[in-house]
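The chain contents come next:
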Amino acid sequence: MSSTFLGMPATPPRSPYGTGNLRGDRTFPEAAHDELRNEQLRRNLGRATHTIRAKRLNVTGELPDWEELRDAGSALKTDTMNRLPELLEQLERKVTERGGTVHWARDGVEANEIVTRLVKATGSSEVIKVKSMATQEIGLNEHLESVGITPCETDLAELIVQLAHDKPSHILVPAIHRNRDEIRQIFLKEIPGIDPGLDNVPAHLAAAARAYLRDKFMTTKVAISGANFGIAETGTLCVVESEGNGRMCLTLPDTLITVMGIEKVLPRYQDLEVFLQLLPRSSTGERMNPYTSMWTGVTPDDGPQDFHLVLLDNGRTAALADRIGREALNCIRCSACLNVCPVYERAGGHAYGSTYPGPIGAVLTPQLAGMHAAKDDPNSSLPYASSLCGACFDACPVKIDIPSLLVELRHQHTEESGTTVEKLAMKAAAGVMKRPKLYTAAQKGAAIGRVMAGRDGKISHLPPPFDGWSDSRDIAAPPKQTFRSWLASAEGAATMRAAANEHEKNQKNQKKEEEK
Amino acid sequence: MRIGLFATCLGDTLFPEAVKSTAVLLARLGHDVVFPPGQTCCGQMHVNTGYQREPVPLVRNFAEQFGDASIDAVVMPSGSCAGSVRHQHEIVAERYGDAALRAGVATVKAKTYELSEFLVDVLEVTQVGAYFPHRVTYHPTCHSLRMLRVGEKPLKLLRAVDSIDLVELPEADSCCGFGGTFAIKNAETSTAMLQDKMRNIATTGADVCTAGDSSCLMHIGGGLSRIAAGTRTLHLAQILSSTRTSPYVPTEAVR
């Protein structure tokens, strides 16, 4: 019997295991264990997230059509994902027509190779960089360094992180975990020829970075950027930023290489109207960001004369294949969800082990890189790094239902995990609870828990895996009587009768009052 | 009105006083409170932990226990269990149930309410005749706030309580850190969240921290008990059912 190929596509590949920055080396609870002990980090994060929360609420609250804008953003992104292939081909056509060159990268490894090849072709051994999540995700800087090319981050916070040999801990504010004293120390140690009398005044710190970067802008021939949006209709790329360093990188060098995740495409130029309102208000809490740069291919004698667009998949098609999970691709990287997340606020961005931390990271990272790529994959702990409080959903400018996505990924995890102790316990619990008689018997069994309690009626020590609870919380001994046994008792019946009588009495009194 | 009371597994087993108060309160308001004895658990813990096959029988049982047309409304003293019935039962039924289950879930979902929204929206009462001469602060639980959108309803009920000294809780809308199995799986992060919640409660000087969910109160109360704080936790229903003739008397050990 011969087999016929029916054309069923295979599951699209995720970001390859062991590449890029989409997986930590330990689980979230393990990493959080250390981060929670860093008092400085807790203080820095608490202060920063509270400030930015208040700013965001001010500028989103003042718009009468904020909810409609969110709906529009959500609809536009959903439409984009539903016809991503055609939009990407349109984008490629338009960029090419306007003199740019488009490259397709299946994953981070391919993207890194393409960028390296392009940089080498220019003969430059240095590149300046615009802050970009996509190049963080694929570990481009590490790759470039390994082949003798020096990348220089030009966003102030990214520069701080790079100089400190650290990793970003926030999508928008990568050095949110650092305060000004720490930044001063980093600059004094790492910037060549810096004034040793530098103090910790923010304006002075910024001026020191500015002086250092100015030289880089004037001498470096190649820039690498990401993109906030890519317009299929026109082939226009868009970068939104605050400091102007991006504008420098996008206009001064001879060669510009842009690495863009394929989900960043938007159908029409007009769609920017929605997103340029949603993004700055949600991310920095500003009505408008200071610099919005847009460019279309190559413009003769104006700006970079050699433009390359690298379209990055790296697990995005795999995410797109998931009917529920694909909603995470709608993310516009504003980081509003990080700033309102109580878990992020305490544990910090590094605990997630990924370029994408916080609530959106907990759903995006496992989808891009998988959560069962190896035994005890740390990424499988990410969907559980949430109390499901829902603050992220309320803050999201494109209404991504992150709590529901977390619950969905948890389900995918349990489905994938085979038989575990937890699954057996869940089965057993459901087995008891679906049989009311057995359940009532188990409730009586629970009352045995009373022997664990001290004379004050409190239980202060529980066996594993519940010891994490009892390390900081008491629990009351189970009461002698459940609600149902009380209700069935003479006392219960009498109390309920009395309550009903009270109503009748009140009714009568009320009537009398009215008759008077 | 004929009200089906869902005690919730946690309320029935560990916090019966909150359920008793709910039953008494509804009866005092002149309603017929029925307790389908076959009820057990809504399956929220299963779904939130990632298990959707295992709770199918629980979802089915809930729909069977409360589906009867003679029950006008299903009321429970828990925002998260009401959220589970309204948002998660559908997911489970769609994925692993049959047509009968999907229909049953839709029927029961449409008449399920958390206590405060039932009182304010359905019964249209905010004055329930309660008397509670203590300083109280209210913690809006996440699922009641952001899943059910109960908003100001619990506060409207509390403001109408005779002799209450209601004080605002700073950063009230921050999660207390419970999150079901989150408190076990990420116990340390959960504790860090709890510490901030307790610090905010302490600044109110309240005798009582109240909420509409026994699970969050178990978490907050467990923490307050451990640090021997001067504030105890109490379910909203217990405040609303306290009257001049039968005022609230503490019974539980952990505050």
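Procedures and definitions
- For every chain, the first residue of the written sequence is number 1, and numbering continues from 1 along that sequence.
- Going through the entries in the order they are written, you letter the chains from A and number the ligands from 1.
- Given that the model is predicted, a residue must reach a pLDDT of at least 70 before its local features are reported, and side-chain atom pairs must reach 80 or more before they are shown or counted; all residues, however, enter totals for whole chains, interfaces and linings.
- Hydrogens and water are ignored here; the side-chain numbers use all heavy atoms of the structure.
- Runs of H or I in DSSP of at least four residues are treated as helices and runs of E of at least two as strands, each being numbered from the N terminus.
- Whether two residues are in contact is decided by their heavy atoms, any of which lying within 4.5 Å being enough.
- Buried surface area refers to the total accessible area, computed with a probe of radius 1.4 Å, that the two partners give up upon joining, counted for both partners together.
- We count a salt bridge whenever a side-chain nitrogen from Lys or Arg sits within 4 Å of a carboxyl oxygen from Asp or Glu.
- Distance and chemistry together define a polar contact, namely a pair of N or O atoms within 3.5 Å, with one atom able to donate a hydrogen and the other to accept it when in protein, and with adjacent residues in sequence counting only for side-chain atoms on both sides.
- Each residue receives one of three labels: charged for Asp, Glu, Lys and Arg, nonpolar for Ala, Val, Leu, Ile, Met, Phe, Trp, Tyr, Cys and Pro, and polar for the others, Gly being one of them.
- By this rule the span expected of a helix is its residue count minus one, scaled by 1.5 Å.
- How far each domain reaches was decided by an automatic or database domain assignment.
- Strands are treated as partners if at least two bridges between them are detected by DSSP.
- Only the contacting stretch of a helix is used when fitting its axis, a line to C-alpha atoms as for every element, and angles between N-to-C directions run 0 to 180 degrees.
- What sets the label is the angle itself: under 35 degrees gives roughly parallel, over 145 gives roughly antiparallel, 65 to 115 gives roughly perpendicular, and the rest give oblique.
- Here the nonpolar core consists of buried residues drawn from Ala, Val, Leu, Ile, Met, Phe, Trp, Tyr and Cys, with membership extended through side-chain atoms lying within 4.5 Å.
- Here the term buried applies to any residue with accessible area under 20% of the maximum for its type, exposed to any over 50%, and partly exposed to those in between, with areas from a 1.4 Å probe on protein chains only.
- Crossings are sorted by hand: turned counterclockwise from the far helix by less than a right angle, the near helix makes the crossing left-handed, and turned clockwise it makes it right-handed.
- The pairing test for Phe, Tyr and Trp rings, Trp by its six-membered ring, is centres within 6.5 Å, and the orientation test on the planes gives stacked under 30 degrees, edge-to-face over 60, and tilted for anything in between.
- Here, over-ring charges are defined by two tests on the NZ atom of lysine or the CZ atom of arginine: distance to the ring centre within 6 Å, and angle to the ring normal within 35 degrees.
- When charges are tallied, Lys and Arg are placed among the positive residues and Asp and Glu among the negative ones, while His and the ends of the chain are skipped.

(A) Spotlight on the environment of Arg93 of chain A. Counting through the fold element by element, Arg93 of chain A comes out in helix H4 (residues 84-97). Counting along the chain gives 38 residues from Arg93 of chain A to Lys55 of chain A, while the straight-line C-alpha distance between them is 40 Å.

(B) Inspection of the interface of chain B and chain A at higher detail. Every contact between the two is made by 68 residues of chain B and, on the other side, 70 residues of chain A. Taking both sides of the interface into account, the surface hidden between chain B and chain A amounts to around 6,000 Å²; carbon and sulfur atoms contribute 59%. Counting the surface chain B buries against chain A, the share from its top three residues, Tyr51, Glu188 and Arg226 of chain B, is 11%. In this structure, the connection of chain B to chain A is made through nine salt bridges. Across the salt bridge formed by Arg95 of chain B and Glu408 of chain A, the nearest N and O atoms sit 2.9 Å from each other. Put simply, chain B and chain A have 41 residue pairs in polar contact (both at pLDDT 80 or more) between them. Ranked by residue count, the leading element in the side of chain B that touches chain A is helix H11 (residues 187-204) of chain B, at ten residues. The residue inventory of the side of chain B that touches chain A, partitioned by class, reads 33 nonpolar, 22 polar and 13 charged.

(C) Quick look at helix H18 (residues 402-416) of chain A. The first and last C-alpha atoms of H18 of chain A sit 21 Å apart over 15 residues, in line with the 21 Å expected at 1.5 Å per residue. At its buried positions, H18 of chain A is contacted by helix H14 (336-340), helix H16 (358-369), helix H17 (391-395) and helix H19 (421-433) of chain A together with helix H3 (44-49) and helix H5 (79-96) of chain B.

(D) Here's a closer look at the side chain of Lys153 of chain B. By the secondary structure assignment, Lys153 of chain B is in helix H9 (residues 153-159). Every residue in contact with Lys153 of chain B, bar those within four places of it in the chain, is listed here: Ser116, Glu117, Val120 and Asp121 of chain B.

(E) Spotlight on unusual backbone geometry. Pro465 of chain A follows Pro464 of chain A through a cis peptide bond whose omega is 5°. Note on placement: Pro465 of chain A falls in the loop between strand S11 (458-459) and helix H21 (467-470).

(F) Examining the domain arrangement of chain A more closely. With domains assigned, chain A is organised as domain 1 (33-319) and domain 2 (421-477). For domain 1 of chain A versus domain 2 of chain A, the separation of C-alpha centres amounts to 50 Å.

(G) Inspection of the sheet that holds strand S2 (residues 32-34) of chain B at higher detail. Residues and elements named next belong to chain B. If you walk across this open sheet you meet the four strands as S2-S1-S3-S4, and the pairing is parallel. Each having just a single partner strand, S2 and strand S4 (112-114) make up the two edges of the open sheet. Looking at each pair of strands side by side, their axes are set apart by 35° on average, direction ignored. Where strand S1 (residues 2-5) meets S2, three bridges bridge the pair, whose relative direction is parallel. In the sheet register, Arg2 faces S2, and the bridge partner there is Asp32.

(H) How the structure looks around the packing of H5 of chain B against helix H6 (residues 99-109) of chain B. Residue and element names in this part refer to chain B. Here H5 crosses H6 at 175°, and the two axes come no closer than 9 Å. Regarding the angle of H5 to H6, the classification is roughly antiparallel. Touching Val85, Arg86, His89, Glu90, Ala93 and Glu94 of H5 are Leu101, Arg102, Val105 and Lys109, all from H6. Partitioned by chemical class, the residues of the contact of H5 with H6 number four nonpolar, one polar and five charged.

(I) Representation of the nonpolar core. With 120 residues, the main nonpolar core has Phe28, Phe187, Phe229, Phe275, Leu309 and Ile360 of chain A as its most contacted residues. Excluding anything up to four places from it in sequence, Leu309 of chain A contacts Leu91, Val95, Thr101, Val102, His103, Leu237, Thr258 and Met260 of chain A. Judged by nonpolar contacts, the second largest core, of 39 residues, contains Leu5, Val24, Val136 and Ile239 of chain B.

(J) Broad picture of the packing of helix H8 (residues 156-163) of chain A against helix H9 (residues 180-190) of chain A. Residues and elements named next belong to chain A. As a packed pair, H8 and H9 sit with axes 10 Å apart at the nearest point and diverge in direction by 65°. When the axes of H8 and H9 are compared, the crossing they make is left-handed. Contact with H8, carried on its side by Leu156, Ile160 and Leu163, involves Ile183, Ile186, Phe187 and Glu190 of H9 and no other residues of that element.

(K) Spotlight on the packing of aromatic side chains. Here the structure, examined in full by the defined rule, presents twelve aromatic pairs over all chains. Considering the side-chain rings of Phe62 of chain B and Phe66 of chain B, the 4.8 Å spacing of their centres and the 40° angle between planes classify their relative orientation as tilted. In this pair, Phe62 of chain B and Phe66 of chain B are both assigned in helix H4 (residues 56-66), four residues apart and thus about one turn of the helix distant. A relative accessible area of 2% means that Phe62 of chain B is categorised as buried. Judged by its relative accessible area of 0%, Phe66 of chain B is buried. Chaining the aromatic ring pairs together yields one cluster made of Phe28, Tyr344 and Tyr352 of chain A. For the cation-ring pair, Arg473 of chain A lies above Trp469 of chain A, with the distance from its terminal atom to the ring centre recorded as 4.8 Å.

(L) Main features of the domain arrangement of chain B. Residues and elements named next belong to chain B. One can read the domain layout of chain B as domain 1 (2-122) and domain 2 (135-240). A C-alpha centroid distance of 22 Å is found between domain 1 and domain 2. Between domain 1 and domain 2, the contact holds 27 residues from the first and 20 residues from the second. Roughly 1,900 Å² is buried in total at the junction of domain 1 and domain 2, and carbon and sulfur atoms are behind 68% of that figure. Where domain 1 touches domain 2, the interface holds one salt bridge. Here Lys153 makes a salt bridge to Asp121, at a shortest N to O gap of 2.9 Å. For the interface between domain 1 and domain 2, the tally reads six residue pairs in polar contact (both at pLDDT 80 or more).

(M) Here's a closer look at the pairing of S1 of chain B. Examined bridge by bridge, S1 of chain B and strand S3 (residues 73-76) of chain B share three bridges and lie parallel to one another. If you follow Ile3 of chain B over to S3 of chain B, its bridge partner there is Ala73 of chain B.

(N) Structural context of the side chain of Asp313 of chain A. All names here are of chain A. As for its position among the elements, Asp313 is in the loop between strand S10 (306-312) and helix H13 (316-320). The side chain of Asp313 is buried and forms no salt bridge, while Arg316, the nearest opposite charge, is found at 5.9 Å. Engagement of the side chain of Asp313 in a polar contact is seen with the backbone nitrogen of Gly315, the distance being 3.1 Å. A polar contact of 2.8 Å, which involves the side chain of Asp313, links it to the backbone nitrogen of Arg316. Residues within four places of Asp313 in sequence aside, it is in contact with Ala105, Arg106 and Ile262.

(O) Broad picture of the environment of Ala429 of chain A. With respect to the secondary-structure elements, Ala429 of chain A resides in helix H19. Here the alpha-carbon distance between Ala429 of chain A and Val310 of chain A, two residues 119 residues apart in the chain, equals 51 Å.

(P) Focus on helix H7 (residues 115-122) of chain B. The element H7 of chain B is extensively covered by neighbouring structure, given that six of its eight residues are classed as buried. Those residues of H7 of chain B that fall on the buried side of the exposure criterion are Leu115, Ser116, Glu117, Phe118, Leu119 and Val120 of chain B.

(Q) Broad picture of the sheet that holds strand S9 (residues 291-296) of chain A. Residues and elements named next belong to chain A. Ordered in space as S8-S5-S6-S9, the four strands form an open sheet in which the pairing is mixed. Of all the strands in the sheet, the pair left with one neighbour each is strand S8 (265-266) and S9. Across three bridges, strand S5 (residues 229-231) lies against strand S6 (residues 236-241) in antiparallel orientation. Residue pairing for S6: Phe229 is matched across the bridge by Cys238. Helix H12 (residues 272-283) contacts S5, S6, S8 and S9 of the sheet and is inclined by roughly 175° relative to S5.

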